[in-house]
Amino acid sequence: MELNWVAFTLCISLILIKGESSFATASTKNEICKASRIEEEQCGSYAYKAIKPLLIYMELMRTEVENYDNITSIKNREIKGLQMKISQYKSDSIKNLREQIYKGLRQQIINKDSELKRQKLDQQNVYETIIQELRNRTARQDSEIKELQKKLVNQNENVATIQELRNQIDLYKSNNDNLQSIRSELNSLQSIRNELKNLQSIRNELNKLNSQKCEECTSDLITKQKLQIESDAIKSKEFQKQLEEQKKNIDQKNQEISKLKDHINSEAVKSKEFQIQLEKDKKSIEEKNQQISKLQNDVNKSDVKLEDLKEINCTSFGDAPCVHKISFSHYSFDVLCDSKTAGPGWIVIQQRINGKEDFNRSWTTYREGFGSFDGDFFLGFEKIHRLTSYKRFELYVHLEKFNGKVRYARYQQFAIAGESDEYQLSFSGCGGNATYIMSQFNKQKFSTYDRDNDGWEDGNCALKYLGGWWYPNFCGIRSFNSKYYDSSKDWKGDNIFWYDLIKNVKMLIRPK
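Residues numbered from 1 in each chain as written. Predicted model: local features only at pLDDT ≥ 70, side-chain atom pairs only at ≥ 80, totals over all residues. Heavy atoms only, no water.

Asker: What's the story with the overall build of the chain in this structure? I'm lost.
Answerer: On a plain count of helices and strands, the chain comes out with six helices and nine strands. In the chain, which comprises 512 residues, the share counted as buried stands at 27%. In the chain, 57% of the contacts between residues at least 6 apart in sequence involve partners at least 24 apart. A total accessible area of about 33900 Å² is found for the chain, and carbon and sulfur atoms account for 52% of it. (Helix = DSSP H or I, 4+ residues; strand = E, 2+ residues; numbered from the N terminus. Buried < 20%, exposed > 50% of the residue type's maximum accessible area, 1.4 Å probe, protein only. Contact = heavy atoms within 4.5 Å. Areas by Shrake-Rupley, 256 points an atom, 1.4 Å probe, with all protein chains shown as cover.)

Structure follows, in structure tokens:
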């Protein structure tokens, strides 16, 4: 700025000197100095007189400029002080605001967690009530089945009674045959009786003859005839008695047969009713068995739901990051819990923080897991698959750059398929400040240096980028399992990369 003023002043001086010289020449009518020395003195004094006001003005301007510079430097220092105060105020305000937000979020999370625990407890109580009710219903069904079984026993006894009656009927039928023979004998007796009647008539006639014409017959013959007639009369009386008894027996048998027929008819009706009731009871038993089977399935389903109530996340372990054992569905293993990165309840499945582990590993190693929870590690695909196939999980990806900036993405749905599907990755429902972190890896199969599942025809992406990953057809922009560097200065183009150099990587999951 001072150089610009000096140049401007010199230009003005030259113009004034030229103008004064012209004026002096006109006033003296081209008079010149006689001697060179005298001419130089006169010209010098004249020039000084001409330039003196300008020099004074220049001195004043230089003083003003210095004062202005001093004022400017003072103002700059004041501005810097004010800026420092503003930045300090902003940082303090942001810090206080962040702390307030963290406290509010933490309190909300604690309240939500307690509410979820209460809901789970209430749900567990509801399930226990349902199970108790199902057990009571099952007990009632058992008692009803026992009663039905008793009825079946009684019905079986009735069937035995009916069989006895049938046997008795058969016996009575045989007796009826005997009655027929008796009736035939009675008929023969009736014929004998008729003959006796004929003999009685003959005897009467003989008596008449004896009284009228046979007085010459001897008394012996008459006596014999009388004896014969008396014996025949006695036999006739005996036959009559037997006939009366047979009639009584026949009447009794007829009455018994009538009663048996009525009883058989009633038993037949009862048997039909029993058959109908038996069919109904069988249907009822089948329905009861179906209901019992359904209730048992409901109980089994209820048991599964109660199993689902078990905690398989890190929420119940507090806020401190630590290694805890989780158990579910006959599986049990250790996990690293992280409540600082994205809130409580998260399980770390992949971590790159110090570069002590080489992630260019074999398929088997990735399946089983490797590393240490206090440094770099990978949980293992079998464990992750069992977790994500047992329950619905969400995914949180955390990236920290060397300049301290953090990028993250959160996916509402996350799952890892089984080994038969090459541990295929699937996720959906993305949010965060870097939602495209994992977009190119969705629905991709996992590849390692000894298992090539990518679509790159010219080689293996895992060999190219020195780490196992879900590589797309074009290999993508490296992976989060590539080579780790402690400093951005050491970068050689084969490191963890995501549109920039990455210092730390974490992949976390949490059940929904």
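Asker: Is there a simple way to explain unusual backbone geometry in this structure?
Answerer: Backbone phi values are negative for most residues with the exception of glycine, while trans is the configuration of most peptide bonds. One non-glycine residue, Tyr423, adopts positive backbone phi at about 50°. In this structure, Tyr423 sits in the loop between strand 7 (406–416) and strand 8 (425–432). By relative accessible area, Tyr423 is classed as buried at 1%.

Asker: Would you mind going over the nonpolar core with me for this structure?
Answerer: When a protein is soluble and globular, its nonpolar side chains tend to lie buried together. Formed by 46 residues in total, the largest nonpolar core has its most connected members in Ile437, Met438 and Trp470. Formed by six residues, the second largest nonpolar core is a distinct cluster that contains Leu336, Val348, Tyr396 and Leu508. (Core = buried A, V, L, I, M, F, W, Y, C linked by side-chain atoms within 4.5 Å.)

Asker: Would you explain the pairing of strand 6 (residues 393–401) in this entry?
Answerer: Remember that side chains alternate between the two faces of the sheet whenever the strand is regular. Judged by how many residues are buried, strand 6 sits mostly within the fold: eight of nine residues are covered. Summarising the sheet, strand 6 and strand 7 pair through seven bridges and their orientation is antiparallel. Looking at strand 7, one finds that Leu395 is bridged to Tyr411. What sits between strand 6 and strand 7 in their antiparallel hairpin is a turn of four residues, with Gly404 showing a positive phi close to 90°. Relative to strand 9 (residues 502–511), strand 6 runs antiparallel, the two sharing nine bridges. Each bridged residue has a counterpart across the sheet, and for Phe393 the counterpart in strand 9 is Pro511. (Pairing = 2+ DSSP bridges.)

Asker: Explanation requested: the pairing of strand 1 (residues 322–328) in the structure shown.
Answerer: Pairing analysis gives seven bridges linking strand 1 to strand 2 (residues 331–338), with the strands arranged antiparallel. For Phe328, the partnering residue across the bridge sits in strand 2 and is Tyr331.

Asker: Any chance you could explain the environment of Asn354 here in plain terms?
Answerer: Assignment of secondary structure puts Asn354 in the loop between strand 3 (346–352) and helix 4 (363–368). In sequence terms Asn354 and Tyr484 are 130 residues apart; their C-alpha atoms lie 7.9 Å from each other. Discounting residues that sit within four places of it in the chain, Asn354 has contacts with Asp374, Gly375, Asp376, Tyr484 and Asp486. Within the local environment of Asn354, its side chain forms a polar contact with the backbone nitrogen of Lys356, the two atoms lying 3.1 Å apart. (Polar contact = N/O pair within 3.5 Å; in protein donor to acceptor, adjacent residues only side chain to side chain.)

Asker: Could you clarify how one ought to interpret the confidence of the model for the chain in this entry?
Answerer: Low-confidence regions, as indicated by low pLDDT, have predicted coordinates that should not be scrutinised in detail. Predicted confidence across the chain gives a mean pLDDT of 76, with 69% of residues reaching 70 or more. The low-confidence segment residues 20–36, where pLDDT is below 50, has eight contacts with residues more than four positions distant or belonging to other chains. (pLDDT = per-residue confidence, 0-100.)

Asker: Any chance you could explain the state of the cysteines here in plain terms?
Answerer: Taken as a whole, this structure holds two disulfides when the rule is applied. Disulfide partner of Cys314: Cys337, at an S-S distance of 2.0 Å. The sign of the -70° torsion about the S-S bond sets the Cys314-Cys337 disulfide as left-handed. Placement of the pair is Cys314 in the loop between helix 3 (219–308) and strand 1 and Cys337 in strand 2, with a sequence separation of 23 residues. For Cys337, a relative accessible area of 4% corresponds to the buried category. Paired by a disulfide, Cys461 and Cys475 hold their sulfur atoms 1.9 Å apart. Across the S-S bond linking Cys461 and Cys475, the dihedral sits near -75°, which makes this disulfide left-handed. A residue pair is termed long-range when its members are at least 10 positions apart, and Cys461 in helix 6 (residues 461–465) and Cys475 in the loop between helix 6 and strand 9 qualify at 14 residues. For the residue pair Cys461 and Cys475, the accessibility class agrees, reading buried in each case. Across the chain, the disulfide pattern expressed with sequentially numbered bonded cysteines is 1-2, 3-4. Free cysteine: Cys322, not disulfide-bonded; nearest cysteine sulfur from Cys337 at 7.7 Å. (Disulfide = S-S within 2.5 Å.)

Asker: Quick question: what am I supposed to make of the environment of Asp142 here?
Answerer: Take Asp142: it is sitting in helix 2 (residues 36–212). Placed 150 residues apart in sequence, Asp142 and Ile292 show a C-alpha to C-alpha distance of 9.1 Å.

Asker: Any chance you could explain the pattern of salt bridges here in plain terms?
Answerer: Side-chain pairing between opposite charges can occur once the charged atoms of the two side chains come close. By the definition in use, this model includes eight salt bridges. A single salt-bridge network, built from bridges that share partners, covers Arg367, Glu368 and Glu419. (Salt bridge = Lys/Arg side-chain N within 4 Å of Asp/Glu carboxyl O.)

Asker: Any chance you could explain helix 5 (residues 381–390) here in plain terms?
Answerer: Note that an α-helix has 3.6 residues per turn; residues three or four places apart therefore point the same way. Residues of helix 5 that are buried: Phe381, Ile384, Leu387 and Thr388. When helix 5 is viewed along its axis, its buried side chains cluster within an angular range of 130° and face the same direction. (Arc of directions from axis to C-beta.)

Asker: Teacher, can you tell me more about a nonpolar patch on the surface here?
Answerer: Where nonpolar side chains cluster on the molecular surface, the patch consists of Leu97, Ile101, Leu105 and Ile109 and spans about 330 Å² of accessible area. Mapped onto the fold, Ile101 is located in helix 2. For Ile101, a relative accessible area of 43% gives the class partly exposed. (Patch = residues over 30% accessible without salt bridge, like charges linked within 9 Å, V, L, I, M, F, W, Y side chains within 5 Å.)

Asker: Would you mind going over the side chain of Glu394 with me for this structure?
Answerer: Relative to the helices and strands, Glu394 resides in strand 6. Of note is the side chain of Glu394, whose polar atom sits 3.0 Å from the side chain of Arg410. Residues within four places of Glu394 in sequence aside, it is in contact with Trp346, Arg410, Tyr411, Gln412, Phe414, Leu508, Ile509, Arg510 and Lys512.

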